[in-house]
Amino acid sequence: MDKLMLTSTLVLLLLFTECGAQIDVCGQVKAQTRIVGGAVASPGNWPWQVSLHIFGRHFCGASLINNQWLLSAAHCFASLKRDVVVWAILGRQSQEGSNPNEVYRWIRHVITYPNYNPHTLDNDMALLKLHSPVDFTDFIRPVCLAAQDSTFFTGTESWVTGWGTIGSGVPLPSPQNLMEVEVPVVGNRQCNRDLYPIPITDNMICAGLREGGKGPCRGDSGGPMVSKQGSRWVQSGVVSFAVPCAKPAKPSVFARVSRYQDWISCHTSGTTLPGFVTFKSEGIDPDLWVSWPYPRRSSVTATPTSTAFCGHAPLNERLSGSGTSSARAGMWPWMASLHWNGSHVCGGTLVAEDSVLTSAECIMRSSTPSEWTVFLGRVRQNGSNSFETAMSVVSIVSSTLSGSNVAVLRLASRAPLSDFIQPICMESGQTFATGSTCWAAGWSEGRGGEEQALQEVQTPLVDCGNASTNICTQNLTLDQEDSGGPLMCQLGNAWYQVAVLGTSSSNPRQAEGQMMVFPKLSLFKDFLMQALGDFLSTPSRAQPSRSSSASSWWSA
């Protein structure tokens, strides 16, 4: 009798966790046309694909796993404020134009995996709860999830979808249709060899072509990697990071879905459970014969493929004024104070989530990263700074043009973005008209009073006769400690850095006090693309035309 009851219980548990009510709909597509090699996806090809938006702009992907829950990447939400409204758009085909099959929902809760590591992106997994359920259609349908006993051997045919960039610095062309690409699984042993010294854990799964050229990129984070078993599509991974995008012998890395079955089931209880399916590869995994010849390291920071935004200063109301004054906290949230052996020596700007731009003359005193510390969110050199963060430096690279040059300091981890710490956009060909009001900011021992507070000064752009290479302002008084800081102008709702301040220029018109001449930042574009990868993009301030009463959506 007891044996019979135990058998019945096991059968019920199996039906509940692996079959459930979602198993009759998950991973099935009414009609599907696929093009091998990466192409625009046909409407309805991937009905579980979700586009996540903030400030009216796509920033990450996700997958629908039942009628009220999405699966995405934890790093997509690590830097977002709690009161930011995130929208999920389901059934969408293109980011521009009409989408007759789409449905909007705002995100009520975000639950990130408790052991998520923001430095190595281990356990890069998040669950998102929609504020209300969705109805399934031919264009909105959940994907099946890989159960914990699933196996994905090297070479397993897999597909990745998303609206990310199509190459380093190459945006998705209009109308920004959903893209699909086929990539084979790369075993973890081989992936460890290929991506050394970045640690690849059992919580990750890799995929990519040895010759490169195809794979997820910036903006695809959080989206699904799926494989087909029988008539069902099973999600094996969540897009996490690439180093860099689709390079030869550099697989892309995904969070391995099968490792999180218990966690997903626990948090989605009370609703119709996602459909978990055991995916089985045939034969023997050839990755077992790959040897590991290098010592593993665990301190390397991975680069996520999500989209961060730049030039947003929510506390900056300084649109006009004159003279020099002390800046308030959050006024210029990208300002960085560069300390060498414990003292401020130069300014800089946060231009990516983990990179600071400065003048090459600033780092001439030392190119040893361990001797430098970067302070973000700082206002005063003397006194308290409630919102600052100290960051260590892991590498320093400089441009090598004739004349003035710039340098990029790579931080040991991503900056904790907030109202007081944000990256600035970099000028890369934008036009700033003569007479435009721009600003410079920096710290100098001779200014800012006893606290040596951050100083700001307004200056108009003036005509200097060579707009293609130089940008000029009225005369500014710059000290050595100001070097490396930004000359910044506003365009629309975003702030751009148009030049790096320096004090070593020999232009005679500076000496005469008539104007200041600075090399335009766009002169260093090739160097900056190599050092940083894609430039950050500006957020649109337009919100989706849907009403919302969401206030706090974050759930730990």
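Right above here is the structure, for reference.
So, here's what we can say about the structure.

For the rest of this paragraph, the subject is empty space enclosed by the protein. A full pass over the atoms with the stated rule returns four cavities of 30 Å³ or more. Estimated volume of the largest cavity: approximately 110 Å³. Its residues placed into classes, the lining of the largest cavity shows five nonpolar, seven polar and one charged.

In summary, the side chains of a regular strand alternate between the two faces of the sheet. In terms of burial, strand β19 (residues 355-359) is largely enclosed, as five of its five residues are buried. The hairpin formed by strand β18 (residues 343-352) and β19 contains two residues between the paired strands. As judged from the five bridges shared by β19 and strand β22 (residues 406-411), these two strands associate in the antiparallel manner. Considered in β22, the bridge of serine 355 is made with arginine 410.

Quick look at the pairing of strand β13 (residues 232-241) now. Most of β13 sits out of view: nine of its 10 residues are buried. The pairing of strand β8 (residues 144-146) with β13 spans two bridges and is classified as parallel. Note on β13: the bridge partner recorded for leucine 145 is glutamine 235. Note: strand β12 (residues 224-229) against β13, six bridges, orientation antiparallel. From the neighbouring strand, lysine 228 faces β13, where its bridge partner is tryptophan 233. Connecting β12 to the antiparallel partner β13 that follows it, the hairpin turn spans two residues, and glycine 230 within it adopts a positive phi of roughly 65°. In the sheet, β13 pairs with strand β14 (residues 252-256) via four bridges, with the strands oriented antiparallel. For phenylalanine 241, the partnering residue across the bridge sits in β14 and is valine 253.

Enumeration over the complete set of coordinates arrives at eight disulfides. Between cysteine 346 and cysteine 362 runs a disulfide, and the two sulfur atoms are separated by 2.3 Å. One disulfide, between cysteine 346 and cysteine 362, carries an S-S torsion of -95° and so falls in the left-handed class. One end of the pair, cysteine 346, is in strand β18; the other, cysteine 362, is in the loop between β19 and β20 (372-376), and 16 residues separate them in sequence. Paired through a disulfide, cysteine 464 and cysteine 472 show a sulfur-sulfur distance of 2.1 Å. Here cysteine 464 and cysteine 472 share a disulfide; its torsion about the S-S bond, 90°, makes the bridge right-handed. Judged by its relative accessible area of 1%, cysteine 472 is buried.

The next subject is the pattern of salt bridges. On inspection of all chains with the given rule, the structure shows six salt bridges. Here aspartate 194 and arginine 210 are joined by a salt bridge, their closest N and O atoms 2.5 Å apart. Note that aspartate 194 is positioned in helix α2 (residues 188-195) and arginine 210 in the loop between β11 (204-207) and β12, a separation of 16 residues in sequence. Of the residues examined, aspartate 194 reaches a relative accessible area of 10% and is grouped as buried. A relative accessible area of 43% places arginine 210 in the partly exposed class. Its salt-bridge partner being glutamate 353, residue arginine 414 comes within 3.6 Å of it at the nearest N-O pair. In this pair, arginine 414 sits in the loop between β22 and β23 (425-426) while glutamate 353 sits in the loop between β18 and β19, placing the two residues 61 residues apart along the sequence. Accessibility expressed as a relative area gives 12% for arginine 414, which makes it buried.

Criteria and thresholds
- The residue count restarts for each chain, going from 1 along the sequence in the order it is written.
- pLDDT decides what is reported in this predicted model: residues at 70 or higher carry local features, side-chain atom pairs at 80 or more are listed and counted, and totals for whole chains, interfaces and linings draw on all residues regardless.
- No hydrogens and no water enter the side-chain calculation; it runs on all heavy atoms of the structure.
- Think of a 1 Å grid over the protein atoms and nothing else: a 1.4 Å probe that fits but is trapped marks a cavity, an open set flanked by protein within 12 Å on at least five of seven lines marks a pocket, and residues with an atom within 4 Å of a point count as lining.
- Grid points are joined across faces, edges and corners, and a volume is the space filled by probe spheres set on the points.
- Each residue is assigned to one class: nonpolar for Ala, Val, Leu, Ile, Met, Phe, Trp, Tyr, Cys and Pro, charged for Asp, Glu, Lys and Arg, and polar for all the others, Gly among them.
- Residue burial is assigned from relative accessible area. The probe radius is 1.4 Å, only protein chains are included, and a residue is buried under 20% of its type maximum, exposed over 50%, and partly exposed in between.
- Only DSSP runs of H or I reaching four residues or more are called helices, and only runs of E reaching two or more are called strands; each is numbered from the N terminus.
- At least two bridges found by DSSP between two strands are what make those strands a pair.
- Two cysteine sulfurs form what is called a disulfide whenever their separation falls within 2.5 Å.
- Here a salt bridge means any side-chain nitrogen of Lys or Arg lying within 4 Å of a carboxyl oxygen belonging to Asp or Glu.

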